[in-house]
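Okay, here's what each chain looks like letter by letter:
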Amino acid sequence: MNTLSAEDLPAYVAGARLLVSSASDTGMDALVDWVDELLRRNGPVSLLGLDEVDGETLTAAIGILGSAAATAELPPVGDEPEAIVRALEDRLGGKLGAVMPLNAALVNALFPVAAAASLGLPLLDCDGMGRIFPLIHQTSYALAGIPLTPLTAASAIGDRITVDATPVRAERLMRAAMNSAGGWMLCAMHPCRVAELGAGAIRGSVSRLVRVGELLRTAPDHGAVLAGLKRTLRARRLGSGRVVELGHGTRPAEAGYPATPTSVVVHETHSSGRLIRLEAQNELLLAVIDGAVAAAVPDVLCLLDRQEVRIIGLERVALGDHVDVLVVPAAPVWHSAEGLALAGPRAFGFPVQHPGRKSTS
């Protein structure tokens, strides 16, 4: 595909809801309406692969810092994308020729489309996570050595910020600003030439969402969804059963990470009777089966409601729900030693090794 249109949006959104490790999608519907209106008013967005763009083209990643739910309470005014792109262009002394997603999942799949549609810029078919991570420097762009800053940010109440700092300092400074700005800010970051992206971008992320979303929307039954996800994403079912326990605050939160840790326990009732304990913090991060680590971040863990055949977010999961626990492998870059150090289980405070890379995690 070489464009993203309003007609593509329902499938794109369905795909964006999958690769979020069952993070909350509160606030997403209103943003979908906004982006749909932009695409219908301004026309489809050009969707280009990295090889289709002049390597000297300036680009930057677009995404929000903060809570997706906060966008429902304080929705975008509409001028935030132009504000951050123009501020970054002033700082860089050159015009952006394209934008790209920080992470093509959940609400952060929508904001880059809004920026491209608002500004008439192409959208690069890539992202920097292939899923969602909570910190803005947990990206493949960072792994490739592309600086996070200068970073520009805008809030829905008119705040405008430009930050030059190390990634850790930028994260802390921006989180403090975000808390004062209503719970979220739209950011433009990781500015670079397209030629610099090289292996630093996870290619095909945007078009992948559309393909996956079409599968989720059209598969005739639960079995077809599982087979399709296995075929398109190499997803596997870790287990299936009833939710028998929801816990809160079972472990301390790592300093600097948003949200409170929670746990979900699934009891397999149909076969072995295994207990699958899922540890979460905003999103699902770790799966332990009968005391052994079975799957972990950076791979994507998510819950598929077997009755409604849809991904279920942590804010909606309830005792008694019958769910499949799915694991979608992360992009290969995240299974490198550097990737696991930045976004593996130990980066989130779990004193365990990733089950697929025990010797290096």
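Residues numbered from 1 in each chain as written. Predicted model: local features only at pLDDT ≥ 70, side-chain atom pairs only at ≥ 80, totals over all residues. Heavy atoms only, no water.

Student: Mind showing me how you'd approach the overall build of the protein chain here?
Tutor: Scanning the protein chain from terminus to terminus reveals 11 helices and 18 strands. Whereas a compact globule of 361 residues would reach a radius of gyration of roughly 21 Å, the protein chain reaches 19 Å, a difference of no more than 12%. Each of the three principal axes of the protein chain carries a C-alpha extent, and together these read 60 × 40 × 40 Å. Here the protein chain, with 361 residues, has 57% of them falling under the buried criterion. (Helix = DSSP H or I, 4+ residues; strand = E, 2+ residues; numbered from the N terminus. Rg over C-alpha atoms; globule rule 2.2 N^0.38 Å. Buried < 20%, exposed > 50% of the residue type's maximum accessible area, 1.4 Å probe, protein only.)

Student: Is there a simple way to think about the layout of surface pockets in this case?
Tutor: In this approach a probe as big as a water molecule rolls over the atoms, and the regions it shows empty are the leftover space. Of the voids in this model, the second largest pocket is the one considered here, and its volume is about 340 Å³. Taken together, 16 residues make up the lining of the second largest pocket; nearest its centre are A14, R17, D25, R310 and I311. When residues of the lining of the second largest pocket are traced back to their parent elements, those giving at least two are α1 (9-16), α9 (205-218) and β17 (310-312). Class assignment of the residues belonging to the lining of the second largest pocket gives a composition of 10 nonpolar, one polar and five charged. (1 Å grid on protein atoms, 1.4 Å probe; cavity = no way out; pocket = protein on both sides within 12 Å on 5 of 7 lines; lining within 4 Å. Points joined across faces, edges and corners; volume = space filled by probe spheres on them. Nonpolar A, V, L, I, M, F, W, Y, C, P; charged D, E, K, R; others polar.)

Student: What's the story with the pairing of strand β3 (residues 58-66) in this structure? I'm lost.
Tutor: Counting buried positions over the nine residues of β3 gives eight, a clear majority of the element. Alignment of β3 against strand β9 (residues 184-193), held across eight bridges, turns out to be antiparallel. Looking at β9, one finds that A61 is bridged to M189. With four bridges joining them, β3 and strand β4 (residues 98-101) adopt parallel strand pairing. Bridge pairing in β4 places A60 opposite V99. (Pairing = 2+ DSSP bridges.)

Student: Would you mind showing me how to read α1 here?
Tutor: One turn of the α-helix equals 3.6 residues, which is why residues spaced by three or four share an orientation. Among the eight residues that make up α1, seven are buried, leaving the element largely enclosed by the rest of the structure. Along α1, the positions that sit buried rather than exposed are L9, A11, Y12, V13, A14, G15 and A16. For α1, the secondary structure elements touched by its buried residues are β1 (3-4), α2 (28-42), α5 (107-119) and α9. (Contact = heavy atoms within 4.5 Å.)

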